[in-house]
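What follows is each chain in one-letter form.
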Amino acid sequence: MPKKPKLYEKIIPKYIPNCIVLFFFSIIAFLSGSVKKDVRARHLEENERFLSENGNRLFCCGELIENQKTWEGVAFGSHKKSNMSYSGCEIIATYNALKCLGEKDVKIPPLISYFEQKGAALKGGFGITPSAPASFFKKRGYEVKKVTTRKKAVIDSLGDEFHTFIVTFYWNHENIRDQLHTVCISKESDGFYIHNNYCKSKEGDFVRQGAYRTLSDAAFGAGEKTVPLVTVAIRRPSSDKYNY
């Protein structure tokens, strides 16, 4: 039988403003600091080697990553629990967004290394701060709009204007214990699709989830009790020649 949530576990997702929660994550990232340089270098080398040997198994869902659960062998962070399966959802969402935006030569090992240096929360134990992907895309010259509201009309206005999104949400608006998840959402001809949300086909393969009629339908429909924490909309820059 599930444990009854404590009072503070119910208060945070229900009553603490999203902007305050984001600020809290930024403080954690600042205080815990980046992953050490030698660890980042080792992870970059290990991940390049591991993916060269296992890439066909991991990149099995087309261009976008839908199967985070199978990525436990890819290193991220120096927290005792952290790896790409456990806490890499924001990095996978960023990778997927880059692919949706048309970037061809996207490699995930340098992307992991970048966020180990800029944005890792609790050395990767809490993933990366939810504000880090927005900063990443701004640095690359993309037009970015970020909102922390739960108002569906505001979220849908972004859905009308943009085609690629990164959304961080509470799995359960009644209990912070169920943690957060971050996904890429793409706007396509028949609606909005959520990528890497642990959704499986009848055959047991990890697949995208959707289509949803509106962006807010996707943001609130990712799970039974999800509510968005931050919604980031991204638009292509005038030039695609940027470096990490």
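Here the structure is shown first, and the text comes after it.
Conventions used here
- Residues numbered from 1 in each chain as written.
- Predicted model: local features only at pLDDT ≥ 70, side-chain atom pairs only at ≥ 80, totals over all residues.
- Heavy atoms only, no water.
- Helix = DSSP H or I, 4+ residues; strand = E, 2+ residues; numbered from the N terminus.
- Rg over C-alpha atoms; globule rule 2.2 N^0.38 Å.
- Contact = heavy atoms within 4.5 Å.
- Areas by Shrake-Rupley, 256 points an atom, 1.4 Å probe, with all protein chains shown as cover.
- Lys, Arg positive; Asp, Glu negative; His and termini not counted.
- Charge placed at Lys NZ, Arg CZ, Asp CG, Glu CD.
- Buried < 20%, exposed > 50% of the residue type's maximum accessible area, 1.4 Å probe, protein only.
- Axes fitted to C-alpha atoms, helices over the stretch in contact; angles between N-to-C directions.
- Parallel < 35°, antiparallel > 145°, perpendicular 65-115°, else oblique.
- Left-handed = near helix turned anticlockwise from the far one by under 90°.
- Core = buried A, V, L, I, M, F, W, Y, C linked by side-chain atoms within 4.5 Å.
- Polar contact = N/O pair within 3.5 Å; in protein donor to acceptor, adjacent residues only side chain to side chain.

A. Representation of the overall build of the protein within the structure. Of regular secondary structure, the protein possesses 9 helices and 6 strands. For the protein, the C-alpha radius of gyration of 17 Å lies close to 18 Å, the compact-globule estimate for 244 residues. Principal-axis analysis of the C-alpha atoms gives the protein an extent of 45 × 40 × 40 Å. Considering only contacts within the protein whose residues lie at least 6 apart along the sequence, 63% involve residues at least 24 apart. Entry remark: accessible area of the protein is about 12400 Å², with carbon and sulfur atoms responsible for 53%. Between the averaged position of the 37 positive side-chain charges in the protein and that of its 26 negative side-chain charges there is a distance of 7 Å.

B. A look at the environment of Phe 115. Locating Phe 115 in the fold gives a position in helix H6 (residues 108–117). We classify Phe 115 as buried; its relative accessible area is 0%. Placed 80 residues apart in sequence, Phe 115 and Val 35 show a C-alpha to C-alpha distance of 8.9 Å. Residues within four places of Phe 115 in sequence aside, it is in contact with Ile 91, Thr 94, Ala 120, Ile 128, Ala 132, Pro 133 and Phe 136.

C. Broad picture of the packing of helix H3 (residues 37–58) against H6. Interaxial distance between H3 and H6 falls to 9 Å at its minimum, and their mutual angle equals 160°. Looking at the two axes, H3 sits roughly antiparallel to H6. When you trace H3 past H6, the crossing you get is right-handed. Facing Arg 40, His 43, Leu 44, Asn 47, Glu 48 and Leu 51 of H3, the residues of H6 in contact are Ile 108, Pro 109, Pro 110, Ile 112, Ser 113, Glu 116 and Gln 117.

D. Main features of the nonpolar core. Counting residues in each nonpolar core, the largest one holds 40 residues, and the members touching the most others are Trp 71, Met 84, Ile 91, Ile 108, Phe 115, Phe 137 and Ile 234. Every element with two or more residues in this core is listed here: helix H2 (18–32), H3, helix H5 (89–100), H6, helix H7 (132–139), strand E2 (164–170) and strand E6 (227–235). Tallying contributions element by element places H5 first for this core, with 6 residues. Val 147, Phe 169, Ala 222 and Ala 233 belong to the second largest nonpolar core, which has 17 residues in total.

E. Representation of the side chain of Ser 216 within the structure. By secondary structure assignment, the location of Ser 216 is in helix H9 (residues 215–221). For Ser 216, the side chain forms a polar contact with the side chain of Thr 214, separated by 3.2 Å. Among residues more than four places away in sequence, those in contact with Ser 216 are Lys 152, Ile 155, Asp 156 and Gly 221.

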